[in-house]
Every structure is written in C-alpha cells, then in structure tokens.
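As a plain string of letters, each chain reads:
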Amino acid sequence: MVSKRAWVSAFGDETPYEKWQKTEGIPSLHGFYVEDLTTVPMAPWPRKGGKGSFINLEGSEHHIDGYMHEIPPGKASEVEKHMFDELIFVMKGRGATTVWLEGGKKQTFEWQVGSEFTIPMNSWHQHFNGQGDKPVLHFGATTAPLVMNYFHDTDFVFNSGYMFHSRYQSEEDFFSGKGKLHPGRVWETNLINDVYNFKLHEWKERGAGGVNVMFEFSNSTLGGHISEFPVGTYKKGHVHGPGAQIILLSGHGYSLLWPREGGEMKKVPWKKNSMFVPPNNYFHQHFNAGLEPARYLVFSARSFRHGILNFRVYRNMGPDSDIREGGMQVEYEDESPEIRKIFEAELAKEGLPRRKSFSLPLLGH
Ligand SMILES: [Fe+2]
C-alpha cells in the first residue's frame, strides 16, 4: 500500500486552487474564525488593483472561498471576468460597478455600505470608489476553489470568451435593486441596497423569536440569507454541509460548534464584522449574549435553483426540521443541559437577565 507520505512527495499536497492563490501575491487567512474582517492584513493585489487578502476558513472545505478587497480613494479596480460565481458585500465606502458582456451594453449601478450584489458568470466588471478621501472595502464570496480544482487551468478560468446568455443578457432592470418575494421567505434579486436594514420575516422553526430572509440571485449557484435574533436568546443547534460564510452585521455573542460524530466543542466569540464557517457535519448554535439584536449575513453555494450543495434533506425536510425525524435541527428540549449552563454564565458576565422560556419576554422587562 502507498503511504500518504509517498503520495505527497510524488504529487505535493496543494490543490490547484491553493497553487493559484500563491501566484496572486496576497495573504491567505486560515483557521476557524476571523475576529474582524475589516482589520485583516492585506497586500497589493495586482490582478484586481488595490489590496486584498483571501479568507479560507476551515469549514469552507475547498468549494467556496472569501476574500477582502480594498480599493483606494478615488481609484477603480482592474477590469476582470472569471468562470466562477461571485457575490460582493460592501463593508466600507460607496461607489459603483460597471458590468458588461463582450461587445455588449455596459450597465452601471451604485452601492454603499451594506449593499450586496452578484457578478454574472464570466461578465466583464469593474468597481469604482466613489469617494476621493476614503477606501472601499469589499468582502467577496466565490466558487473559485471548486472551479479551479475542477478545471485546473487558470487561462480557461480568466480568459474564456464564452458568454452565459442564459444567465445575463444586459437586461435593463438586472441591477435595479427590484426583487420578488417567494414563499418560504425567499427574496430574489441581484442587488440588495442595505443588508443592515433589510426587512426580515418571522422564522419560528429555528427558535429564539428569530427573523430571517433567504436570498436567491438570478442564475448564480451562490445564495445566502440574513437572520436576526433578540437579546437574551439563542437559536436551536443544527447541522448541514460545509461552506456557509457567516458575517456578523450587529450584536455580540458567540457560537458553539462540535462534530456530529462527537469531539471537542469549539466556542467562537463574535461581534460586528466577525466571520466564521461551520464545517461539514458540525452542529452549530448561535447565542446572543449582548445588548442588541444579533444579525448575521450568510453566503453559501445553496441557491434554490442551482445550488451545488442542495442535499435531499434540504429539499424534503429543510434544515429546520427535527433531527429525531431525520431532519437537521436539535429541539431545545433535546439539547445537552451544558448548552444552557454556558449561556446563563455568559449572560451573568454581562449582567443580563435570563429568560424562563424562549417564548417569553426577558425577565425583568
Ligand atoms: Fe447553520
């Protein structure tokens, strides 16, 4: 039998995506979480212009990645196109993006802090910083690892002439910010003006009096959602596939993560601009231990129409169905008493009252 060591010495242990990353000349952050995305180390990024850093957290498991990209005051990014899907979230500044297909009409739309938008596959695009005195900071989520590892040919990924007319035809209202609400709290659009203030809808099943909206971007494999839950509450533990890039928009608290098959429980503290990615088949549970509602934004490869990771359980039961019935969620009455103890100790640290039950208002309020 060939040992792992022999394989590594013969072929190396880097994926095509990892090899490509090294040629980009910017840092790549690993680990379980990032405390504050707006302060990660960045380096000049010649391909995109400005500065950048890859964010490859452990739970992404080689199918989705993140990056930070800074565009200096008054400057524009380099023009680019690529054969992977991309969602962009504006964390600082304001400006505009121009998108077009080879030989086609150019479309420009504006954005500011809190905006999120999609880049149609292999369309040309360029970002402009609209302020002369402040940088723009974007977080991007892409399917680059999946595509790079599959095709392992960067020339194909960045220089293909194919135009996906089935996804984008320079439609007048493509980036108008208009949207459509579908059943199941799903908002379909290509541009969200402000995720911080976006209207959310009741989501009883995940507990904690939480509210939520799911996002569907036209013809992208990437989707996501926003969830928010009140002070003094925590959500139900649940488990699913890898790659959900979670960024905190507000609040202060922590999440617990532990492998389904048993093993060490990790505690990830978070606040605004923290990021973490629950790994495949890890239970995870979110706890609001602060004084304001906790709101978070998620990017994942789980578009409802084209998702890469749409497991049958999502289709048939949904991720908020009881694990005892074949679903993916642990009901409050079935969780380990340790979970509640840790939470009460965290609330006590902050001097916060606890709830008798998560369907009741805070004690003392
Ligand atoms: Fe989750």
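Attention in this report is confined to the structure presented alongside it. (Residues numbered from 1 in each chain as written. Predicted model: local features only at pLDDT ≥ 70, side-chain atom pairs only at ≥ 80, totals over all residues. Heavy atoms only, no water.)

**Some remarks on the coordination of the iron ion**
Here is step 1: Note on the iron ion: its protein donors are His 238 (NE2), His 240 (NE2) and His 284 (NE2). The metal-donor distances range over 2.1 to 2.2 Å.
Here is step 2: In primary-sequence terms, the residues that donate to the iron ion follow H-x1-H-x43-H. Pair noted here: His 240 is in the loop between β17 (223-229) and β18 (245-250) and His 284 is in strand β22 (residues 282-288), with a separation of 44 residues, a long-range link. Each of the two residues, His 240 as well as His 284, counts as buried. (Donors = N, O, S within 2.8 Å, 3.2 Å for Na, K, Ca; no water. Helix = DSSP H or I, 4+ residues; strand = E, 2+ residues; numbered from the N terminus. Buried < 20%, exposed > 50% of the residue type's maximum accessible area, 1.4 Å probe, protein only.)

**Thoughts on a nonpolar patch on the surface**
Here is step 1: Residues Trp 7, Val 8 and Phe 11 make up a contiguous nonpolar surface patch of roughly 340 Å² in combined accessible area.
Here is step 2: Mapping Val 8 onto the fold places it in helix α1 (residues 4-11). (Patch = residues over 30% accessible without salt bridge, like charges linked within 9 Å, V, L, I, M, F, W, Y side chains within 5 Å. Areas by Shrake-Rupley, 256 points an atom, 1.4 Å probe, with all protein chains shown as cover. Salt bridge = Lys/Arg side-chain N within 4 Å of Asp/Glu carboxyl O.)

**Topic: the sheet that holds strand β7 (residues 94-100)**
Here is step 1: Read from one edge to the other, the open sheet built from three strands follows the order β8-β7-β10, with strand pairing classed as antiparallel. Looking at the sheet topology across the chains shown, the edges are occupied by β8 (107-112) and β10 (124-129). Across this sheet, the average inter-strand angle for adjacent strands is 20°, counted without regard to direction.
Here is step 2: Here β7 pairs with β10 via six bridges, running antiparallel. When the bridges of β10 are listed, Val 99 appears paired with His 125. (Pairing = 2+ DSSP bridges. Axes fitted to C-alpha atoms, helices over the stretch in contact; angles between N-to-C directions.)

**Quick word on the pairing of strand β16 (residues 211-217)**
Here is step 1: The buried count for β16 comes to six of seven residues, which makes it a mostly enclosed element.
Here is step 2: As paired elements, strand β13 (residues 186-189) and β16 share four bridges and run parallel to each other. Counted as the bridge partner of Thr 189 is Phe 217 from β16.
Here is step 3: In the sheet, β16 pairs with β17 via six bridges, with the strands oriented antiparallel. In the strand pairing of β17, Val 213 is matched with Ile 226.

**Regarding the sheet that holds strand β20 (residues 266-271)**
Here is step 1: If you walk across this open sheet you meet the three strands as β20-β19-β22, and the pairing is antiparallel. Of all strands in the sheet, those with a lone pairing partner are β20 and β22, marking the two edges. Neighbour to neighbour, the strand axes of the sheet diverge by 20° on average, direction disregarded.
Here is step 2: The pairing of strand β19 (residues 252-259) with β22 spans seven bridges and is antiparallel. Residue pairing across strands places Ser 255 opposite His 286, the latter belonging to β22.
Here is step 3: Contacting β19, β20 and β22, helix α6 (residues 337-350) crosses the sheet at an angle of about 160° to β19. (Contact = heavy atoms within 4.5 Å.)

**A closer look at the packing of aromatic side chains**
Any aromatic ring pair is given by two values, namely how distant the centres are and how the planes are angled relative to each other.
Here is step 1: As enumerated under the stated definition, the model contains 31 aromatic pairs in all.
Here is step 2: An angle of 40° between the planes, with centres 5.9 Å apart, marks the rings of Tyr 17 and Trp 20 as tilted. With Tyr 17 and Trp 20 both in helix α2 (residues 16-24) and three residues apart, the pair spans about one turn of that helix.
Here is step 3: Trp 20 sits in the buried class, given a relative accessible area of 7%.
Here is step 4: Where Trp 258 meets Phe 283, the ring centres are 5.5 Å apart and the plane angle is 25°; that geometry is what we call stacked. With Trp 258 in strand β19 and Phe 283 in strand β22, this pair connects stretches of sequence that are 25 residues apart. Grouping residues by exposure puts Trp 258 and Phe 283 together as buried.
Here is step 5: Here the aromatic cluster, defined as three or more aromatic residues joined through ring pairs, consists of Tyr 17, Trp 20, Trp 45, Phe 54, Tyr 67, Phe 84 and Phe 158.
Here is step 6: Here the basic side chain of Lys 48 rests over the ring of Trp 45, its NZ or CZ set 5.4 Å away from the ring centre. (Phe/Tyr/Trp six-rings, centres within 6.5 Å; stacked < 30°, edge-to-face > 60°. Lys NZ or Arg CZ within 6 Å of the ring centre and 35° of its normal.)

Keep in mind these values describe shape, not function.
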